[in-house]
Every structure is written in structure tokens, then in C-alpha cells.
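# Descriptive structure summary
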Amino acid sequence: MHIDTQMALDALNMFVFLSVELTLLYLVISYGVGVLQSYLGPEKIQSILAARGGSGYVIAALLGAVTPFCSCSTIPFLKGLLRAKAGFGTMMVFLFASPLLNPIIIGLFVVTFGVKVAATYFVIAMTSSVIAGFVLEKLGFERFIKPEAYIEPKASGCGQSCGAHQTQPSKWRVIWNDTWIDFKKVLPYLAAGIAVGSMIYGFMPSDIVASVASEDNPFAIPVAAVIGIPLYIRAEAVIPLSAALAAKGMGLGAVMALIIGSAGASLTEVILLKSLFRNPLVAAFLVVILGMAISAGYFYQLAF
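The protein goes by Permease in an unreviewed UniProt entry, where it is assigned to Halioglobus maricola. In its Subcellular location (unreviewed entry) section, the UniProt record describing the protein reads: "Cell membrane".

Written out as C-alpha cells, the structure is:
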């Protein structure tokens, strides 16, 4: 009974924590993107992430590497890129690379597992992100973006009908109104993802994860990759947790698969993507993350 109560408390604490953190994160980043667009303009953002040839994909991956976004906080930035009509392939590269190449993750990788493991992870994540974005664009997956994802939210107000003496809101107020309208649209998706992720966090002990993904299990790496996706883990926590799991017997290949799965695609992010993408593109996103996690795990296990 005591264990069940503690698990429930852990789940509740995580729900409250994620609700506050992700709400603030979403609002701040959405507003920041709006401010950025007000200065740069859609054409400048498009030019940065719409370079022709392979350079555009590499630039998108490098841009993702220097933006400390987790998987959920990448979504507001992605919405801004969609509305700026940036290239589809480069947007997808950024979507994959930003949470995976988070500087916090790379730094913790170096400190916890060493430079060799960190370098292997960086190269695999960077290369896979570029290839995935290129392939999805060539296969025409852009058609699975929902039309409403490109539409700017309409600010509330009575418009010109209120009369000529109506005071126009400031630029900052307009950006905030757009941010708030966007947030209300995604709130049901965000709440659902946080609720399910918190339950998994509270009621899935790390001992079970370690036992399922031990070195003796030939399917340890794919199991770890699949477990990682619904197990929402913040960048600052994913490496210490993985180190603890490795100490309990999880192989480093499975650890790498777990990190890529959890950092690259949380359940909350997948639910948020449903508000922008149709099912085939959401499925393709999951396939890429799972494939990246499993490939990286087996590559590390075989190479080292």
C-alpha cells in the first residue's frame, strides 16, 4: 500500500511539474518565435532553413544543435517555421535534431559516458536527422501537413467596426494574443500527453526497465527504444537516469536507444504533432525516431 501511495505521489508531482514547466515553456517559446518573426520576417527565416542542396539540411541540423529545446518545446518553433513557409525537409531535420542534439544532452553525455560515446551519439543523431529530412521531402510527405497549421491565428477584437477612435494594440500585445490563441488550441493535446506521461513515470519503476532491457535479452535495444518514447524525460534527467540503468545491468547500446527514444519523441510531443500533422506523417516521425534509436544502439554495441 505504501509503494502504491508513493507511486501515486510521484505521478501527481510529475503531472504538476510538467504542467507548469511545459505551459511556461510553450508560452515563452511561442512568444519568442513571434518576436523573432517580427524582426526577421518570414522571408528571412525561410532563407535560413530553405537553402538549396545539401547545405540547407546541414544548416537545419546545426541550428537544431545550438537550440536547447526538448522534444515538446520544438513544436512552437516548428509552427513558426510552417507559417514562414520554410522548406519541409529542413523543418523536419530541425524537428529531429533539436531535441537530440541539445547541448545539455551532449555535455552530460561527455561527463557521464565519455567523449567516445558522446561523439558516436552526435554523429549518428546528426546524420540520421539529415537523411530522414531529405527522404521524407523526396517521398512527398509534405502533403500530410494539416492546412490549418499554416494559418496565422486571428487576434481577438472587434476590428474596424469599433470605430476610428479604437486604440490599436501594440506589436507586443498582438504577438501575445496570437501566442495565447495558439496555446488554447493545443491545450487539450498537451494536458492529455502530460497525464499519460505522468502515470507512466510514476508507475514504471526503473528496475523493470533495466530487467527488460538487460544484456541477456537479444531484443534489449528495440525494447529500450520503444520504452523511451512514452517515458517523458527532461534533458537534464535523461543522462543520470540512463547511468543508473546502466549500473543496474542495462547495456550501453540499450542505454543509447533509450536516450534517443525518450529525448527524440516524448508522448506529449507526438500528441502535439497530431495538431499539425496527419497520421501518416506522425507515423513516419515515430518510425524515424525508433529507427534512429535502434540503429544507434546496435551500431554502438557492435562497434564498441
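There is more to say, and it comes next.
## Remarks on the overall build of the protein
Across its full length, the protein holds 14 helices and 0 strands. Going from the N terminus to the C terminus, the protein shows its helices and strands as α-α-α-α-α-α-α-α-α-α-α-α-α-α. Within the protein, buried positions represent 49% of all 304 residues. Partitioning the contacts of the protein with sequence separation of at least 6, the portion at a separation of at least 24 is 85%. When the accessible area of the protein is evaluated, it comes to approximately 14100 Å², of which 68% is carbon and sulfur surface.

## Topic: helix H4 (residues 74-83)
Where burial is concerned, most of H4 is hidden: 10 out of the 10 residues are buried. Within the span of H4, buried status applies to Thr-74, Ile-75, Pro-76, Phe-77, Leu-78, Lys-79, Gly-80, Leu-81, Leu-82 and Arg-83. At the C-terminal side of H4, Lys-85 shows a positive phi close to 60°.

## Things to note about the packing of helix H7 (residues 115-138) against helix H14 (residues 279-303)
The N-to-C vectors of H7 and H14 enclose an angle of 145°; their axes lie 10 Å apart at closest approach. In this structure, the crossing between H7 and H14 has a hand that is right-handed. In this structure, H7 contributes Val-117, Thr-120, Ile-124, Ala-125, Ser-128, Ser-129, Ala-132 and Leu-136 to the contact, and H14 contributes Ala-284, Val-288, Met-292, Ala-296, Phe-299 and Tyr-300. Its residues assigned to classes, the contact of H7 with H14 shows 11 nonpolar, 3 polar and no charged.

## What to know about the environment of Ala-283
Within the fold, Ala-283 resides in helix H14. Along the chain, Ala-283 and Val-270 lie 13 residues apart, while their C-alpha atoms are 9.3 Å from each other.

## Focus: the UniProt feature "transmembrane region" (unreviewed entry) in the protein
Residues annotated in UniProt with the feature "transmembrane region" (unreviewed entry) correspond here to residues 12-36, 56-78, 90-111, 117-136, 186-204, 219-239, 251-273 and 279-300. The span residues 251-273 is 87% helical and 0% strand by assignment, and the distance between its end C-alpha atoms comes to 31 Å. Between the end C-alpha atoms of residues 279-300 there is a gap of 31 Å, over a span that is 100% helix and 0% strand.

## Section: the nonpolar core
In terms of nonpolar packing, the biggest core is built from 79 residues, with Tyr-121 and Phe-277 touching the most fellow members. Other than its neighbours up to four places away in sequence, Phe-277 contacts Leu-78, Met-92, Leu-95, Phe-144, Ile-145, Lys-146 and Val-282.

## What to know about the side chain of Thr-90
Topologically, Thr-90 is positioned in helix H5 (residues 88-100). Overall, Thr-90 belongs to the buried group, its relative accessible area being 5%. Among the polar contacts listed, one links the side chain of Thr-90 to the backbone oxygen of Gly-87, at a separation of 2.9 Å.

## Considerations on the packing of H4 against H5
Between H4 and H5, the shortest axis-to-axis distance is 10 Å and the interhelical angle comes to 165°. By the angle between their axes, H4 is roughly antiparallel relative to H5. As H4 runs across H5, the sense of the crossing is right-handed. Contacts between H4 and H5 involve Thr-74, Ile-75, Phe-77, Leu-78, Leu-81 and Leu-82 from the first element and Met-91, Phe-94, Leu-95, Ser-98 and Pro-99 from the second. Its residues assigned to classes, the contact of H4 with H5 comprises 9 nonpolar, 2 polar and no charged.

## Some details on the side chain of Ser-262
If you trace the backbone, Ser-262 turns up in helix H12 (residues 252-264). Given a relative accessible area of 1%, Ser-262 falls into the buried group. Among the polar contacts listed, one links the side chain of Ser-262 to the backbone oxygen of Ile-259, at a separation of 3.2 Å.

Conventions adopted
- Residues numbered from 1 in each chain as written.
- Predicted model: local features only at pLDDT ≥ 70, side-chain atom pairs only at ≥ 80, totals over all residues.
- Heavy atoms only, no water.
- UniProt positions renumbered as here; feature names shortened; annotations may be inferred.
- Helix = DSSP H or I, 4+ residues; strand = E, 2+ residues; numbered from the N terminus.
- Buried < 20%, exposed > 50% of the residue type's maximum accessible area, 1.4 Å probe, protein only.
- Contact = heavy atoms within 4.5 Å.
- Areas by Shrake-Rupley, 256 points an atom, 1.4 Å probe, with all protein chains shown as cover.
- Axes fitted to C-alpha atoms, helices over the stretch in contact; angles between N-to-C directions.
- Left-handed = near helix turned anticlockwise from the far one by under 90°.
- Nonpolar A, V, L, I, M, F, W, Y, C, P; charged D, E, K, R; others polar.
- Core = buried A, V, L, I, M, F, W, Y, C linked by side-chain atoms within 4.5 Å.
- Polar contact = N/O pair within 3.5 Å; in protein donor to acceptor, adjacent residues only side chain to side chain.
- Parallel < 35°, antiparallel > 145°, perpendicular 65-115°, else oblique.

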